[in-house]
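Reading the structure
One-letter residues, chain by chain:
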There are 2 protein chains.
Amino acid sequence: MPPEAYYSIHPKFHSAVDCIIFGFDEGELSLLLLQRNFEPAKGQWSLMGGFVQEGESLDDAARRVVEELTGLDDLYMRQVHTYGDLGRDPGERVLSTAYYALVDIKKYDRQLVKAHNAHWVKLPDTPHLIFDHDRMVKDALRFMRYQATVKPVGINLLPEEFTLTQLQALYEAILGEPIDKRNFRKRIAAMDYIEKTGGIDKTLSRKGAALYRFNRDKYDGNFKI
Amino acid sequence: MPPEAYYSIHPKFHSAVDCIIFGFDEGELSLLLLQRNFEPAKGQWSLMGGFVQEGESLDDAARRVVEELTGLDDLYMRQVHTYGDLGRDPGERVLSTAYYALVDIKKYDRQLVKAHNAHWVKLPDTPHLIFDHDRMVKDALRFMRYQATVKPVGINLLPEEFTLTQLQALYEAILGEPIDKRNFRKRIAAMDYIEKTGGIDKTLSRKGAALYRFNRDKYDGNFKI
DNA sequence: CCGAAAAGTGTTGTATTTACACTTTATAAT
DNA sequence: ATTATAAAGTGTAAATACAACACTTTTCGG
């Protein structure tokens, strides 16, 4: 067998990425979903996705796809799983790798989102999605939840500076259960990498709440995010 | 755009699977590795891998590849990650999905393994592997370790019936640290799905050790493996 | 100056985890 | 028969982590 035949006797496939884009708003997790104004499956709901191109890595493809929709290029993203069943895309055979992304919901590019006919949907209100996208969301959510219990990834869903009340609401949304306020604050206080900025947020209460930020250097000192 | 063009304007890629095959022997985790007697990278060490074919799912491809080497077709396998960097295979562009498999090291097909020039290598003695296979092993090990702390997947590395001493040695190998015997047995005793068979193993001690088995029904009753 | 509404603050009991060492048993050797 | 051997098997107490719980403070608007 000549060396190049080693590869060429095998089939090739379309490779796609599909992105589960999480946001946090009004105390609930949200997903950025497309109501497809294009074929295939026009009119139905789906994740934002795209095909991997020559000259771009799988991770790069996922970043590109998310940036096309949100305009944001430095999001926290993680690969979830690759879906390779035969009939998963009824059009042609496509292997698709799911990534989740965490977005500060105040920051995305509204023009782009509108142009794609995309909408933020609160997680419990998620409509049925095309292909195996429902399963992708389920898997991504489970993975993101697990990661959030292990490392403070959730912070990527909040603005730079945040109050402890916001942070608690976020974790309640991620874990899907109420958290005791005093126990929560005790736990946060023990994390030296979540530090007071000195600022006070008065938009939500007369008294005002102390603002905190995530100190990446102090965290990386402990172990890798 | 005609509907078929939606797909055809995008490139296709070779898709492969690479399998991290774990065994347990003499108190240590082992890997089943190929010393390649074929191109490319002949003479070097690698994981067992293969290309995804038309008409088989990604999971099926992984099962086929492991069966080709071991003769075993009902192994515990899990997808780990998909590697899609540009230069990862220096020959052509290949996207590869890693799976780990757990093998009862007494059971594999020695003929097949010999024919592939494969060898069981104790984990600490793992040689340098081609391409990004070192990283795959690292990622698979981390994932398998995590899973083993959450559900009793490790049992797939032991024979049907096993002693508590074996089980403890297995978990010490997986976690890489010694475990207190009494605390370990207390924990196991609380798991009703690990049950005495009534048999006694006398190969390892004069006194003989009680044999146990994993009761899948009782376990699934609690939650999914 | 009073009401409202969110921010902030400690203690105690319960459950879980860890540390720790000797006895039992069957066989092989003498 | 006796003894030496080597692994199997067994319980308790201390330490730590986790969970439950309610009132006070602060500021501003009315």
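Residues numbered from 1 in each chain as written. Chains lettered and ligands numbered in written order. Predicted model: local features only at pLDDT ≥ 70, side-chain atom pairs only at ≥ 80, totals over all residues. Heavy atoms only, no water.

1. Thoughts on the pairing of strand E6 (residues 94-102) of chain B
All names here are of chain B. Formally: We call a residue buried when its accessible area falls under 20% of the maximum for its residue type, exposed when it is over 50%, and partly exposed in between, using a 1.4 Å probe and counting protein chains only. Here a strand is any run of E in DSSP of at least two residues, a helix any run of H or I of at least four, and the numbering for each starts at the N terminus. Two strands form a pair only when DSSP identifies at least two bridges running between them.
E6 sits mainly inside the fold: nine of its nine residues count as buried. Side chains of E6 alternate between two faces, with Val 94, Ser 96, Ala 98, Tyr 100 and Leu 102 and Leu 95, Thr 97, Tyr 99 and Ala 101 buried alike. As paired strands, strand E1 (residues 12-25) and E6 are joined by nine bridges and run parallel to one another. The residue of E6 that forms the bridge with Phe 22 is Leu 102. Here strand E5 (residues 76-83) pairs with E6 via seven bridges, running antiparallel. Bridge pairing in E6 links Arg 78 to Tyr 100.

2. Thoughts on the packing of helix H5 (residues 164-175) of chain B against helix H6 (residues 181-189) of chain B
All names here are of chain B. Condition: The angle between two axes is taken between their N-to-C directions and runs from 0 to 180 degrees, where each axis is a line fitted to C-alpha atoms and a helix contributes only its stretch in contact. Roughly parallel means an angle under 35 degrees; roughly antiparallel means over 145; roughly perpendicular covers 65 to 115; every other angle is labelled oblique. Any pair of residues with heavy atoms lying within 4.5 Å of one another is described as a contacting pair.
Running from N to C, H5 and H6 point in directions that differ by 105°, and their axes come no closer than 11 Å. As the angle between them shows, H5 and H6 are arranged roughly perpendicular. Contacts from Leu 164, Thr 165, Leu 167, Gln 168 and Tyr 171 in H5 reach Lys 181, Phe 184, Arg 185 and Ile 188 in H6.

3. A short note on the domain arrangement of chain A
All names here are of chain A. This is how it is decided: The source of the domain bounds is an automatic or database domain assignment. By convention, the term buried area covers the 1.4 Å-probe accessible surface removed from two parts as they join, with the contributions of both added.
As far as domains go, chain A holds domain 1 (3-150) and domain 2 (153-214). On a C-alpha basis, the centroid separation for the pair domain 1 and domain 2 is 29 Å. Each side of the interface is counted separately: domain 1 has 17 residues, and domain 2 has twelve residues. For the domain 1 and domain 2 pair, buried surface summed over both sides reaches about 1200 Å², with 71% attributable to carbon and sulfur atoms.

4. Brief notes about the relation of the copies chain B and chain A
Spelled out, the test is: Superposition of the copies was done by least squares, using only C-alpha atoms of residues whose pLDDT is at least 70 in both.
When chain B is brought onto chain A, the operation consists of a screw motion whose angular component is 180° and whose axial shift is 0.0 Å, with 0.0 Å RMSD remaining. Considering both components of the superposition, the chain copies are consistent with a two-fold axis. Counting the interface residues of chain B, we find that 100% of their copies in chain A are interface residues as well, pointing to one common contact surface.

5. Description of unusual backbone geometry
Residues and elements named next belong to chain A. Here the residue pair Glu 39 and Pro 40 is connected by a cis peptide bond, since its omega of -10° sits within 30 degrees of zero. Along the chain, Pro 40 falls in the loop between strand E2 (28-35) and strand E3 (45-46). Notably, Phe 131 is not glycine yet its phi reads approximately 50°, a positive angle.

6. Considerations on the protein's contact with DNA strand D
Applicable threshold: Throughout this document, a residue counts as near a molecule or strand when at least one of its heavy atoms sits within 4 Å of that molecule or strand. Side-chain atoms alone can form a polar contact between residues adjacent in sequence; in general such a contact is a pair of N or O atoms within 3.5 Å, and within protein one must be able to donate a hydrogen while the other accepts it.
As a structural note, the neighbourhood of DNA strand D is formed by 19 residues, with Asn183(A), Lys207(A), Thr165(B), Lys181(B) and Lys186(B) the closest of them. Atoms of DNA strand D within 4 Å of the protein: sugar and phosphate make up 38%, bases the balance. At 3.1 Å, a side-chain N or O of Lys207(B) approaches a base nitrogen of DNA strand D. A distance of 3.0 Å separates a phosphate oxygen of DNA strand D from a polar atom in the backbone of Ala210(B). Here the surface near DNA strand D gets four residues from one element, more than from any other, and that element is H6(B).

7. Remarks on the protein's contact with DNA strand C
As a reminder of what qualifies: Lys, Arg, Asp and Glu make up the charged group, whereas Ala, Val, Leu, Ile, Met, Phe, Trp, Tyr, Cys and Pro make up the nonpolar group; the residues left over, Gly among them, are polar.
Close contacts around DNA strand C come from 19 residues, with Thr165(A), Lys181(A), Arg182(A), Arg206(B) and Lys207(B) the closest. Near the protein, meaning within 4 Å, the atoms of DNA strand C are sugar or phosphate in a fraction of 39%, with bases accounting for the rest. Here Thr165(A) contributes a side-chain N or O atom positioned 2.9 Å from a phosphate oxygen of DNA strand C. Contacts to DNA strand C include Asn183(B), whose side-chain N or O atom sits 3.1 Å from a base nitrogen. Elements represented by at least two residues in the surface near DNA strand C include exactly helix H6 (181-189) and strand E10 (209-214) of chain A together with H6 of chain B. The element that contributes the greatest number of residues to the surface near DNA strand C is H6(A), accounting for four residues. By residue class, the composition of the surface near DNA strand C is three nonpolar, four polar and twelve charged.

8. Considering a positive patch on the surface
What counts, and what does not: Think of a patch as exposed residues, more than 30% relative accessible area, with no salt bridge, where like charges cluster within 9 Å and nonpolar side chains (Val, Leu, Ile, Met, Phe, Trp, Tyr) cluster within 5 Å. Working definition of accessibility: Shrake-Rupley area with a 1.4 Å probe, residue cover restricted to the visible protein chains. Salt bridge, as used here, is a side-chain nitrogen of Lys or Arg placed within 4 Å of a carboxyl oxygen of Asp or Glu. For this count, His and the chain ends are skipped, Lys and Arg are scored as positive, and Asp and Glu as negative. Here the site of a charge means NZ on Lys, CZ on Arg, CG on Asp, or CD on Glu.
Together, Lys181(A), Arg182(A), Arg185(A), Lys186(A) and Lys207(A) line one region of the surface with positive charge. Its place among the elements puts Arg185(A) in helix H6.

9. As for the sheet that holds E10(A)
Residues and elements named next belong to chain A. Pairing within the open sheet is antiparallel, and its three strands lie in the order E8-E10-E9. In this open sheet, the two edge strands, each paired with only one partner strand, are strand E8 (161-163) and strand E9 (194-201). This sheet shows a mean twist of 45° between the axes of neighbouring strands, independent of strand direction. Taken together, the three bridges between E8 and E10 define a ladder with antiparallel strand orientation. Looking at the pairing, Thr 163 lines up with Leu 211 of E10. Across the sheet, helix H5 (residues 164-175) touches E8, E9 and E10, and the angle it forms with E8 is around 80°.

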